[in-house]
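# Topology and contacts: notes
The primary structure of each chain is shown beneath.
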Amino acid sequence: MTTAADVKQFHTPLEAENAFAQITENVCRIAETPKPPKAWYIAFAIASSIMVMFFASIGYLVWEGIGVWGNMNPVYWAFDITNFVFWVGIGHAGTLISAVLYLFRQDWRTGINRFAEAMTIFAVICAAIFPGIHIGRPWLPYWMFPIPNQMDMWPQFRSPLEWDVFAVGTYATVSILFWYMGMIPDLATLRDRSRSTARRLVYGLFSMGWRGSSRQWHRYEKAYQLLAALATPLVLSVHSVVSFDFATSQVPGWHTTIFPPYFVAGAIFGGFAMVVVLAVPARQFFGLKRMITMRHLENMNIIMLVTGTVVGYAYGMEFFIAWYGGVQEEGFAFINRAFGPYAWAYWTMLTCNVLGPQLFWFKRFRRSIPVMFVIAIFVNVGMWFERFVIIVTSLSRDFLPGSWGYFVPTPIDLTTLIGSFGLFFTLFLLFCRFLPMVAMAEVKAIHYNHHMHHHH
Amino acid sequence: MASTKAKPRKTAKQSESELGPDDLPSQAAPADEGSQAAPPADEPSSARDEGEAKPVDVKPADDAADDDATKDSAADDSAAEDEAAEGSVAASSADDSSTDEEPSDSTADDSAADEDAADEAESAPAKAEPKKAEAKEAKPKKEEAKPPVKAKADHGGHGGHHGADGAGGGGADHGPAGENIRLGEAGGTLLKVGAGLAVVGLGGAAALGASMNDGFTQFFHSYLVAFWWGLTITLGALFFVLVQHLTKARWSPVVRRVAEILASNSVAFALLALVIIVPVMLGNTALYDWNDPEVVAKSHLIHHKVGYLNTTFFLIRWVIYFAIWIGFGVTLLKRSVAQDASGDPSISKKNFALSAPGMLLFGLSITFASIDTIMSLEAEWFSTMFGVYIFAGAQLSFHCVLALSLFFLQGTGRLTKSVSVHHFHDIGKMMFAFVVFWAYIAFSQFMLIWYADIPEETVWFKSRFEDGWQTVSIIQLVGHFVIPFFGLVSRHVKRHKKALAFWAVYLLAMHYIDLYWLIMPSFDGKQAPWHAMDLLALIGVAGVMIANFGRVASGINLRPTKDPRLAKSLAFENF
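Now for a description of the structure that goes with this document. Predicted model only: the values in this text are computed from it and were never measured. (Residues numbered from 1 in each chain as written. Chains lettered and ligands numbered in written order. Predicted model: local features only at pLDDT ≥ 70, side-chain atom pairs only at ≥ 80, totals over all residues. Heavy atoms only, no water.)

## What about unusual backbone geometry?
The omega angle of the peptide bond from Asn73(A) to Pro74(A) is 15°, so this bond is cis rather than trans. Take Pro74(A): it is sitting in the loop between helix 3 (38-64) and helix 4 (79-90). The phi dihedral of Phe216(B) is positive, around 65°, even though this residue is not glycine. On the accessibility criterion, Phe216(B) (32% relative accessible area) is partly exposed. Residue Asp453(B) is not a glycine yet carries a positive backbone phi of 60°. (Helix = DSSP H or I, 4+ residues; strand = E, 2+ residues; numbered from the N terminus. Buried < 20%, exposed > 50% of the residue type's maximum accessible area, 1.4 Å probe, protein only.)

This is the structure:
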């Protein structure tokens, strides 16, 4: 992973063992330099301003009520749930990289896993906000949890929405644990390198007394493997449960059996696109090109091609069965998607999600930074529109033509959507600044296996 | 010494170009570029010997690294080459500041390569004593060395390590020495036994069918279950082969040939399919209501589907399916066999390129094939998940058959050295994974339909949850998921041959019940109509598969002998 290039970068003739020091240096200096690159300040200023807009929008929403959104009869779910599903989906790449790729022995993942896990957590934070503010009385979100109370009132356990609370809650918990546990050795490194007491205390607190003894490492590796095995079903379960929110209903366009695997593939698809969107600038600005290499980016593009094609398969199957099934409403729902008032959204989705990634069949495009950056952004747009198409198009024209409607977002809808990106990027930028962006210990282990193992 | 061995390294380099293994020089460069350039000359011998002579005797660390091969895409090739060039040339030019994207990436890209370099370094530490002067010489040496080594390779590899070529046909085997990798006489026996079973099974089933005077309705249903049981295994094998090529997997080459042979059973299934297709073409309605004009006229829903469910289009589709399955299955087998003879590494690259479109076509063909012949049994019913459900069963059953085939071959003294417990462990993991995946798909399909409770969908489950079928449904839940889940979850089981063989047989039986549960209710909605014909048809189809396996396998090696990733596969370790 990190090799000769690291050395070349600094033009220092090092002993092989010192490549470790180089890895540490490359990663830690990002968190240690007194001042980050100018680009970071600019990005942070923009992101945090947008975040402020996000919270202002939410504040206004809480003050005024749900009416400030464009939600209407019959489109009771619109941007709120679209955003929720979008962000939960983004969160899938992290666990896939850290758990599934780990089980498949894909050790190239060490260059990007920390990064992707962090992204996962921030995405889940963004996602979790939406159901909370969408319930109408955002001061009562704890009603979603089965907390014993005097009113003897319980959530509806038979509702997939309630399953969602548990699925996303579990996912967030395990993701945070996984991320944090993986970071402990690296936090200890930062602690040991700290020059100020404050830093030493904070990093020391969170590194939980890590000393790097072989016993600690032994337990760490065991725990990592177990967490990976436990997290793997979560990669499937979370978005499957999210898909149940729709597929258990009878709404045409929502109720179709392929939804669970199709949603999972779509989530991984969107998640990897987001990792690419973040990784490209991050490796540029923080000098991590030697750690997050073209090979990482290319592999992620291949995963996008695969999952994008699976999503394309699902679109196709839905369409085919909508016709084959011969149910009038179902058939109409799909004709309406493609040619109805929201056709623009449908074709945007199809272009971004299915056509765009097909460019990755060609190595030239897979390895081109501008191409992958643009396609990854397109995929994110496309995946947002996918949820929009499913949710809004289906609701706006269901069984009774008399109750059809056309949803138009209000400015608050838009500021809330855009604002959520502000929160996401703010958190991400803070992570880049203060925490080890690359899993140093894991990269070193790979490096060790590749270069040094046999000398000892 | 170094010079004699230099050539194989060169060969290895070419052949493994996509593994990027040998592009070593610059990799380890951090320390001393000179020292890095030297090992190339010695690598092949060391890496090979280590891999081949004592396949298991490699540090665990290596395979962890190896396995990223799975994603090691073709793109690395060019990078690899750059590097190789860089390595030998740049070794001398101290300042190789790769500032721009490409070169720097390529260096890092080939982490796969790194560990090869490490291998070499280990086995020949002394020789690798770093001196820049030597480094400069490394390249010329390699070239000089070409002729002698080539000759050597032709004679069976390094120092007679690879003695299997006697049996191998077509030159040196790069696998372990003295391993029996030919089916030999047994091929003929399998052919005979299989043919016997096929005749007894299919003939018996047909005779019983004729004696029942039910217009062969029971026969066709029994046959369809058995047909799909075998077809899913065959298609699972094809998918496996495609995936191994597509991911450039390093663990699997030693077991891939068996999968390739199993995939080539599609040729036999093209014949077996005629038993279904011809009667449909002739207007037989024993299986498919949509083939009955009267039913179609009465049912609005089926009438709606006539554009898809009609005999002409049915035939066209099945021709296309088999063109895809035979085309890809046989081509990949042939190429793989050709590589045994030529050792041409470019064949692996071609297979990689072919597998990408193969995967797309595979996905579509298995989906629509299952819709055509299973879902359309109850022509009014539909589920978008159906193709995925069949795919899950195909993968599960294939991995069971793969394990059993390997047990059989090892039990008869074949592939005893190359296929290790580590490979079985991985196959066991896949079995476990697909038990869970099947359950995930099956549960999702059921739960969504049950929950939404729309009559046109629930009707399909209703007939399976009533009367005698209720029991079979419960067997599905418990027997196809709960029991094998706990049975296979343990690492010990996956590494224990007898235990794994038991679960493979068990799951193949469950897979049969699964297909029975899908197909038979359309024949008898009141109860599971267990009949001797079910068993006979199953024996017949299995006999055809065994016979074809014997026929195909008898002339070829049972594992690749010169696959560029063979050494990796031999050295594979699992935890």
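## Quick look at the nonpolar core
Residues and elements named next belong to chain B. Residues Phe227, Trp228 and Trp318 are the most contacted members of the largest nonpolar core, which totals 284 residues. Among the elements that make up this core, the one with the highest residue count is helix 12 (residues 217-247) (18 residues). For Phe227, the residues in contact, after removing those within four places along its chain, are Phe269, Leu272, Ala273, Ile276, Trp318, Phe322 and Val541. (Core = buried A, V, L, I, M, F, W, Y, C linked by side-chain atoms within 4.5 Å. Contact = heavy atoms within 4.5 Å.)

## Comments concerning the packing of aromatic side chains
Under the criterion given, the structure shown has 104 aromatic pairs over all chains. For the pair Phe54(A) and Phe55(A), a centre-to-centre distance of 5.3 Å together with 55° between the ring planes defines the contact as tilted. Here the aromatic rings of Phe362(B) and Phe391(B) are separated by 6.4 Å at their centres, their planes lie at 70°, and the arrangement is edge-to-face. Of this pair, Phe362(B) sits in helix 18 (residues 346-373) while Phe391(B) sits in helix 19 (residues 386-411), placing them 29 residues apart in sequence. In terms of burial, Phe362(B) and Phe391(B) fall into one category: buried. A cation sits over an aromatic face here: Lys248(B) above Phe352(B), 4.4 Å from the ring centre. Above the face of the Phe313(B) ring, Arg317(B) is positioned so that its terminal group lies 4.4 Å from the ring centre. (Phe/Tyr/Trp six-rings, centres within 6.5 Å; stacked < 30°, edge-to-face > 60°. Lys NZ or Arg CZ within 6 Å of the ring centre and 35° of its normal.)

## As for a nonpolar patch on the surface
All names here are of chain B. A surface patch of nonpolar side chains, about 640 Å² in accessible area, is lined by Leu271, Leu274, Val278, Met281, Leu282, Leu315 and Val319. Going through the elements one at a time, helix 14 (266-281) and helix 17 (311-342) are the ones with two or more residues in the nonpolar patch. Of all the elements, helix 14 adds the most residues to the nonpolar patch, at four residues. With respect to the helices, strands and loops of the structure, Val278 is situated in helix 14. (Patch = residues over 30% accessible without salt bridge, like charges linked within 9 Å, V, L, I, M, F, W, Y side chains within 5 Å. Areas by Shrake-Rupley, 256 points an atom, 1.4 Å probe, with all protein chains shown as cover. Salt bridge = Lys/Arg side-chain N within 4 Å of Asp/Glu carboxyl O.)

## Describing helix 12 (residues 328-339) of chain A
Taking 1.5 Å of rise per residue, the 12 residues of helix 12 of chain A would be expected to cover 16 Å, and the 16 Å separating its terminal C-alpha atoms lies within 8% of that figure. The set of residues buried in helix 12 of chain A consists of Glu330(A), Ala333(A), Phe334(A), Asn336(A), Arg337(A) and Ala338(A). (Expected span 1.5 Å × (residues − 1).)

## Remarks on the packing of helix 13 (residues 253-263) of chain B against helix 17 of chain B
All names here are of chain B. Two numbers describe how helix 13 lies on helix 17: the axes approach to 9 Å, and their chain directions differ by 140°. Between helix 13 and helix 17, the angle is such that the two are oblique. Read as a crossing pair, helix 13 and helix 17 show a hand that is left-handed. On helix 17, the residues that touch Arg256, Arg257, Glu260 and Ile261 of helix 13 are Leu332, Leu333, Ser336, Val337 and Asp340. (Axes fitted to C-alpha atoms, helices over the stretch in contact; angles between N-to-C directions. Parallel < 35°, antiparallel > 145°, perpendicular 65-115°, else oblique. Left-handed = near helix turned anticlockwise from the far one by under 90°.)

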